[in-house]
Amino acid sequence: MDDKKIKIGVLVSGNGSNFQAIVDALESGYIKNADIVCLVSNKAEAFALERAKKHNVAAIVLDHKSYPDRKLYDAALVEILKNQGVQLVVLAGFMRLLSPVMIDAFPNSIINIHPALLPAFPGLDAQKQAFEYGVRYTGCTVHFVDSGTDTGPIILQTVVPLLGTDTLETLTDRIHGEEHRTYVEAIRLFCEGRLHLEGRRVFINEQNTTIYA
Ligand code: GRF
C-alpha cells in the first residue's frame, strides 16, 4: 500500500456494480492516486463481498442487526474505517442512513451516488419515482453526505432522458451505466484534490486551465 495515496473505504449492501466500476478505474490507472483499503457490507449475502475478495480488497461484514441502535452501529463502522486509515468513504448502494457519529468522523469526506437528479426524487426507488412522475429527464447525482437524506452538496450530475420506449427497467439500466461513469469521475476529482467546497457549492479546479496575462 502506497502511503501517498488516498485510502478509500467503500460501504455497500448489495450487488456492488458501482464498487466494481471504481475498482476497474483504479486497476486501469484512470484513478491514479488512491487505493480501496476495505469494503464493508451490512449484509452477509451482498454480492459486492465476492467482488472485493476477487480484487484482494478486505471484505468485512458488519451486520446492523447486531447493534441496538444506529449510533452504536456507526461507532463500530467508524472504528473499522479509522483502523484501516480511510480518508474517503464511498457509499455504493449502502442502504442505511448515517448518524452524526459517522458524519462527524469524516467531515466532507463521505460521498454517495443517487439515481436521480437531486434535489428531485430523494430517498428510495428514485428511478421509479421519476418514471411515474413522467419527467423528460432524470439521471444520477454524486454528492457529499450530510445529516439529511440525499441533501448534501452536489459534486457531479449526469442527465439521462426518459424515452417514449422506456420501461422502468430500461431506464434504470441506463441510469446505472451513467452512475458508474459519474462516480468514477467524482472520485478521481476528489483524489486529485480538485474539489473545493464553499457553503453548499462544490467547485472543481480545472487542471489544464492556462491563464494568460
Ligand atoms: C445504485 O443505483 C445507487 O445509485 C444506489 O444504489 C444502487 C447500487 O447499485 N445508491 P450497485 O450495488 O452499485 O450495483
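Each remark here, short or long, concerns the structure printed above.
First things first, this report covers the structure right here in the doc. For every chain, the first residue of the written sequence is number 1, and numbering continues from 1 along that sequence. Given that this is a predicted model, residues contribute local features only at a pLDDT of at least 70 and side-chain atom pairs are listed and counted only at 80 or more, while totals for whole chains, interfaces and linings are drawn from all residues. For side-chain calculations, the full set of non-hydrogen atoms in the structure is used, while hydrogens and water are omitted.

## Let's talk about the packing of aromatic side chains
What counts, and what does not: Any pair of Phe, Tyr and Trp rings, taking the six-membered ring for Trp, is counted once the centres come within 6.5 Å. Such a pair is stacked with planes under 30 degrees apart, edge-to-face with planes over 60 apart, and tilted for the rest. Residue burial is assigned from relative accessible area. The probe radius is 1.4 Å, only protein chains are included, and a residue is buried under 20% of its type maximum, exposed over 50%, and partly exposed in between. Helix and strand assignments come from DSSP, with helices taken as H or I runs of at least 4 residues and strands as E runs of at least 2, each series counted from the N terminus. Either the NZ atom of lysine or the CZ atom of arginine qualifies as a charge over a ring when it sits within 6 Å of the ring centre and within 35 degrees of the ring normal.
The final tally for this structure, using the stated rule, is 3 aromatic pairs. Note on Tyr 67 and Tyr 73: the rings are 5.5 Å apart at their centroids and 80° apart in plane angle, and the pair reads as edge-to-face. Among the residues examined, Tyr 67 registers a relative accessible area of 28% and is labelled partly exposed. Their ring planes at 65° and their centres at 5.6 Å tell us that Phe 121 and Tyr 133 sit as a pair that is edge-to-face. With Phe 121 in the loop between strand S5 (110-114) and helix H5 (126-133) and Tyr 133 in helix H5, the pair connects residues that are 12 residues apart, well separated along the chain. Judged by relative accessible area, which is 66%, Tyr 133 ranks as exposed. The ring of Phe 106 carries Lys 82 above its face, with NZ or CZ at 4.1 Å from the centroid. Stacked on the ring of Tyr 73, the Lys or Arg Arg 96 has its end atom at 4.8 Å from the ring centre.

## Examining H5
Every α-helix winds through 3.6 residues per turn, so residues three or four apart in the chain are directed the same way. The test is simple: Read the arc as the range of directions from the helix axis to the C-beta atoms. Residues are treated as being in contact if the distance between any of their heavy atoms lies within 4.5 Å.
Of all the positions in H5, only Ala 126, Gln 127 and Ala 130 are classed as buried. Taken end-on, H5 shows its buried residues confined to a sector of 100°, consistent with a single buried face. Of the surrounding elements, those touching the buried residues of H5 are S5, strand S6 (137-144) and helix H6 (168-191). Gly 134 lies just past H5 and shows a positive phi near 85°.

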